[in-house]
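Descriptive analysis of the structure
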Amino acid sequence: MKGLLARLRFLFHRNDFERELEEELRHHQALQSEHQTTPLGNITLLKEDSRSMWTFIFWEQLAQDIRYGFRAMAANKLFTAMAVISLALGIGANTAIYSLMDAILLRGLPVRNPEELVILNHRVKDRVPVMQSHWGDSYQEPGGGQTVRNFPWAAYELMRDNNTVLSSLFGHMAVGRVNLVTNGPAEMAEAQYVTGGYFSGLGVPPAAGRLIGPDDDNAGATPVAVVTYDFWRARLGANPSAVGKTIRINGATFTLAGVAAPDFFGVSPNQKPVIFLPMMKMLYGDKDGGKDAIFSDKHYYWVELMGRLRPGVTLPQAQAGLAGMFHNWVASTATTQRERDDLPSLWLQEGGSGVDGLRREYFKPIWVLMGMAGLILAIACANIANLLLARAASRRREMAVRLSMGAGRFRVIRQLLTESLMLAILGAVAGAGVAAAGIRILLRLMTYDVNEFTVNVGLDWRVLGFSLVIALITGILFGLAPALQATKVEVVEALKETRAGQPRRHRNSFRAVFSLRRALVVSQIALSLLLVAAAGLFVRNLAQLHSVALGFNSEKILLFNLDAGKAGYSTQASKRVYAELENRFRALPGVVSATSSDIVLVGDGSSTTGITVPGIPKPAEGQRGPSSAIAQVGPHLLRDHADSDSAGPRARCERRGRSAQSRRGQRGVRQEIPCGHESHRPAVPAGWRQDGGGSYYRRSRPQRPL
Amino acid sequence: MGTRPDIPPGTLYMLILKTLARLGSMHGYGIAQHIHQSSEDVLQVEEGSLYPALQRMLIKGWVVAEWRQSENNRRARFYSLTPEGRKQLTQELTDFDRVMSAIVKVIEAV
């Protein structure tokens, strides 16, 4: 206590202290020289040591170091800018990409115990005969074959009622966009069909009202709907009295039963349904063949399934339990030998992070980006190391001056370390900014054609910390090595150097530093070359994607979607609406032509159906005949979009089979191709119009440049 | 020049206190000289440790300092013991004796 007071007093009488100490030491020196003993030595260091007894020395020196560090930075602005920028880019890129990867690939669904959830898939060879129709996505597996996660309804009911490994098994299916009228004008909204066990199985509580439950699986139940919390807040003013209101979906009447918990967005981050409807209240027109077809057809694969493991059951156990059951069932549906030869096999996948369309799609690109970001950080660190080494060489003279004036070695080293750390911290702060901006840019790049994209990406502080630590370690290592080096300087020799920083060839240690620098430069150039080459490939890829010959002129085309059917118009009335719209658009000044198509050319889907071509014999029973991707178009589409050299309608059909060959109609000749098999085709859900019959495939999205 | 044995750590304060107890008041150089001579030229107190130690003792209140004319008419800072310093000396001597005799026992036990 007394000591503290004394030290505080010292703060105010510092100059007296300095003077007195100086005088005392001179006295000592004088006496010493009279007595012919050894000289006093380093007076400044002695003074500093004596002084340090009185002060809060650590903090004072730290403040001095920082002040001096800032001055050094300001004195060498180019160095500072280079170091901070390279660190900021390295740290920022890593943090942004890892944050994105975490959000897309790793994070769990916002539900109860997401690690217990499993997704049911089955693996098929190219196309399994028993799966005569499929509605949903399929993914090519790297080893051949593809994964499909859609099941026939009968398989779902069987597994739901008889399995012993899952505490619940529930189904869902994306509806696509529906025409939704709540309390104002109609809007298009993404909807999802779910079974009664969906919300309870996921463990999602209601925020208001009730959610869709087992009772809603009864065919006779009142049609109800559940909306997301965000929709309830944005469109219904978070009004509890909205629950119980009547809403209209594609013209049909539903009761708004409740609101799901905040944050819940469904099970697939790349679909964002705002409204959930009971599976049994599927919307469809009577013209499509009736509800029974979709639920009873054992060859129509459409419902997606998720389950929750019973406590204590592992994923392999559950898979063993379910796969056999599914295999027996699917074998019983096979009618021909061909179908029996090639049955789909069920496998389970962890579902904790949701159905992973998005994840699959972006998995590889993100790893590539991650790798490149890692390289950038490596380059940044090498760059920093090199800069620090170079600067240490140029500051040798300064170090020598400081040492000769009595600075302690530790003090000089600490000064250099402080400067390194200051650089690293500045770099990290700038890096956080780069990361935040980078995340926004990456999200924009990835989502420019996905309207609803529910990846909640925040800055990942752990990654930022990790990158910062790497940068700090680099700073310390490469700040320290030259610092140690510099303080070993032979003071006199270094002072004698005519120019600051002139390297001395005869010192081994300095040669080591320089060869280290050379190695750093070489590795930096090598890494940069790698990145440049990769970037070049990406750019070329992008350029080629943009210059793909589409067969039509894609300039100056405006696109929009509408669906009169969903607003309750009959098929005939819809046709009149579309025709009338086309006429009106054509009449607009500045519009050259207008037409319609049920599928956007080079869009993200296609509809394939069987066709019969005059001259090609009909396939035998159980065999697939020729099929073709079909677009139903309004008048003028081919003429208006055609390239100049391929003017005129062109019919093209592909024959699938052992020898896939294509036949082209002659230019300018209309060729009649009757569509469809005679065989029964089940109804397709609303959102897909089918006039000619046939099976529908929604392919996974076309590759987007990244 | 040869190696000079270092003053055992922790004993410098004791040596300074004892010197001041014997001489009454003395300046830094005198203290160093006295230790040097009474140890028969074995112990050499470095200035680099002497003056910081004196400053530390000032802070602790074991010694006080005043500026006076020295024997050859130079202005010098003379240090002298405070009652607290005396207490500290007794304490340190007791501790040192105990440690020393313990060390001797260890060394001489064969």
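Residues numbered from 1 in each chain as written. Chains lettered and ligands numbered in written order. Predicted model: local features only at pLDDT ≥ 70, side-chain atom pairs only at ≥ 80, totals over all residues. Heavy atoms only, no water.

The next subject is the overall build of chain A. Helix and strand counts for chain A come out as 19 helices and 19 strands. Buried residues in chain A amount to 45% of all 706 residues. Here the analysis covers contacts within chain A between residues at least 6 apart in sequence; of these, 77% occur between residues at least 24 apart. Entry remark: accessible area of chain A is about 36,100 Å², with carbon and sulfur atoms responsible for 57%. (Helix = DSSP H or I, 4+ residues; strand = E, 2+ residues; numbered from the N terminus. Buried < 20%, exposed > 50% of the residue type's maximum accessible area, 1.4 Å probe, protein only. Contact = heavy atoms within 4.5 Å. Areas by Shrake-Rupley, 256 points an atom, 1.4 Å probe, with all protein chains shown as cover.)

Now for the overall build of chain B. Scanning chain B from N- to C-terminus turns up four helices and three strands. Sequence-ordered secondary structure for chain B, helices as α and strands as β, is α-β-α-α-β-β-α. Within the span of chain B, comprising 110 residues, buried residues form 44% of the whole. Considering only contacts within chain B whose residues lie at least 6 apart along the sequence, 51% involve residues at least 24 apart. Taken as a whole, chain B presents about 6,400 Å² of accessible surface, with 55% of it coming from carbon and sulfur.

This paragraph deals with the nonpolar core. Counting residues in each nonpolar core, the largest one holds 61 residues, and the members touching the most others are A:Leu120, A:Met159, A:Ile249, A:Ile275 and A:Trp302. Not counting chain neighbours up to four residues away, the residues in contact with A:Met159 comprise A:Leu120, A:Phe151, A:Leu169, A:Leu305, A:Leu322, A:Met325, A:Phe326 and A:Leu346. Listed in part, the 27 residues of the second largest apolar core include A:Leu25, B:Ile31, B:Leu58 and B:Trp62. (Core = buried A, V, L, I, M, F, W, Y, C linked by side-chain atoms within 4.5 Å.)

Take the sheet that holds strand E2 (residues 63–69) of chain B next. Residue and element names in this part refer to chain B. Taken in spatial order, the three strands line up as E1-E3-E2 in an open sheet, and their pairing is antiparallel. Here the strands that pair on one side only, and so sit at the sheet edges, are strand E1 (25–27) and E2. The average undirected angle you get between the axes of adjacent strands in this sheet is 35°. Judged from the seven bridges that link them, E2 and strand E3 (residues 75–81) form a sheet pairing that is antiparallel. Bridging from a neighbouring strand, Val63 pairs with Leu81 of E3. (Pairing = 2+ DSSP bridges. Axes fitted to C-alpha atoms, helices over the stretch in contact; angles between N-to-C directions.)

This part takes up unusual backbone geometry. All names here are of chain A. Unusually for a residue other than glycine, Ala238 sits at a positive phi of about 55°. Along the polypeptide, Ala238 turns up in the loop between helix H8 (229–236) and strand E10 (246–249). On the accessibility criterion, Ala238 (28% relative accessible area) is partly exposed.

Low pLDDT means the predicted coordinates in that region are not meant to be read closely. Put simply, chain B has an average pLDDT of 86, and 95% of its residues get 70 or more. This prediction of the complex comes with two scores: 0.51 for pTM and 0.75 for ipTM. (pLDDT = per-residue confidence, 0-100.)

Turning our attention to the packing of helix H1 (residues 12–23) of chain B against helix H2 (residues 28–38) of chain B. All names here are of chain B. Packing of H1 against H2 brings their axes to within 10 Å, and their N-to-C directions diverge by 100°. The angle between the axes of H1 and H2 places the two elements in the roughly perpendicular class. Here H1 contributes Leu15, Ile16, Thr19, Leu20, Arg22 and Leu23 to the contact with H2, which in turn contributes Ile31, His34 and Ile35. A per-class count over the contact of H1 with H2 returns six nonpolar, two polar and one charged. (Parallel < 35°, antiparallel > 145°, perpendicular 65-115°, else oblique. Nonpolar A, V, L, I, M, F, W, Y, C, P; charged D, E, K, R; others polar.)

So, about the pattern of salt bridges. A complete count under the given rule lists 13 salt bridges over all chains for this structure. Note that A:Glu20 and B:Arg77 form a salt bridge whose closest N and O atoms lie 3.1 Å from each other. Taken together, the residues A:Glu20 in helix H2 (residues 14–34) and B:Arg77 in strand E3 connect one chain to another. When its relative accessible area of 23% is taken as the criterion, A:Glu20 is described as partly exposed. With a shortest N-O distance of 4.0 Å, A:Arg233 and A:Asp230 are connected by a salt bridge. Here A:Asp230 and A:Arg233 lie together in helix H8, a separation of three residues that amounts to about one turn. (Salt bridge = Lys/Arg side-chain N within 4 Å of Asp/Glu carboxyl O.)

Another aspect to go through is the packing of aromatic side chains. Throughout the structure, instances matching the rule amount to 15 aromatic pairs over all chains. Aromatic side chains A:Phe151 and A:Phe326 sit 5.2 Å apart centroid to centroid with 75° between the ring planes, which places their arrangement in the edge-to-face category. Of this pair, A:Phe151 sits in strand E5 (residues 150–151) while A:Phe326 sits in helix H10 (residues 315–333), placing them 175 residues apart in sequence. Just as A:Phe151 is buried, A:Phe326 falls in that class too. The ring centre of A:Trp347 lies 4.7 Å from the NZ or CZ of A:Arg123, which sits over that ring. The side chain of B:Arg68 reaches across the aromatic face of B:Phe78, ending 4.4 Å from its centre. (Phe/Tyr/Trp six-rings, centres within 6.5 Å; stacked < 30°, edge-to-face > 60°. Lys NZ or Arg CZ within 6 Å of the ring centre and 35° of its normal.)

Residues and elements named next belong to chain A. The topology assignment puts Lys298 in the loop between helix H9 (291–296) and strand E13 (300–301). Of the residues examined, Lys298 reaches a relative accessible area of 40% and is grouped as partly exposed. Along the primary structure Lys298 and Trp153 are separated by 145 residues, whereas in three dimensions their C-alpha atoms are 7.4 Å apart. If sequence neighbours within four positions are ignored, Lys298 has contacts with Pro152, Ala154, Trp329 and Thr333.

Take the packing of helix H6 (residues 153–162) of chain A against H10(A) next. For any two helices packed against each other, one specifies the inter-axial angle together with the distance between the axes. Residues and elements named next belong to chain A. Where H6 contacts H10, the axes come no closer than 10 Å and their chain directions differ by 140°. Considering their axes alone, H6 and H10 lie oblique with respect to each other. As H6 packs across H10, the resulting crossing turns out to be right-handed. Listed contacts from H10 to Ala154, Ala155, Leu158, Met159 and Asn162 of H6 are Leu322, Met325, Phe326 and Trp329. (Left-handed = near helix turned anticlockwise from the far one by under 90°.)

Glancing now at a nonpolar patch on the surface. Residue and element names in this part refer to chain B. On the surface, Phe96, Val99, Met100, Ile103, Val104, Val106 and Ile107 cluster together into a nonpolar patch covering about 590 Å² of accessible area. Looking at the element boundaries, Met100 is found in helix H4 (residues 83–108). A relative accessible area of 37% means that Met100 is categorised as partly exposed. (Patch = residues over 30% accessible without salt bridge, like charges linked within 9 Å, V, L, I, M, F, W, Y side chains within 5 Å.)

What follows is about H2(B). The buried count for H2(B) comes to nine of eleven residues, which makes it a mostly enclosed element. Those residues of H2(B) lying buried are B:Gly28, B:Tyr29, B:Gly30, B:Ile31, B:Ala32, B:Gln33, B:His34, B:Ile35 and B:His36. Here the buried face of H2(B) lies against H2 of chain A together with H1, E1, helix H3 (47–60) and E3 of chain B.

A separate point is the environment of A:Leu31. Structurally, the position occupied by A:Leu31 is in helix H2. Overall, the relative accessible area of 4% leaves A:Leu31 in the buried class. Filtering out sequence-adjacent residues up to four positions away, A:Leu31 remains in contact with B:His27, B:Tyr29, B:Asn72 and B:Arg74.

In this section: the confidence of the model for chain A. All names here are of chain A. On average, residues of chain A score 72 in pLDDT, and 69% of them are at 70 or above. A low-confidence stretch, residues 449–454 stays under pLDDT 50, and its non-local contacts, those more than four residues away or across chains, total 15 contacts. Scored below 50 in pLDDT, residues 500–506 shows 14 contacts in the model against residues more than four places distant or in partner chains.

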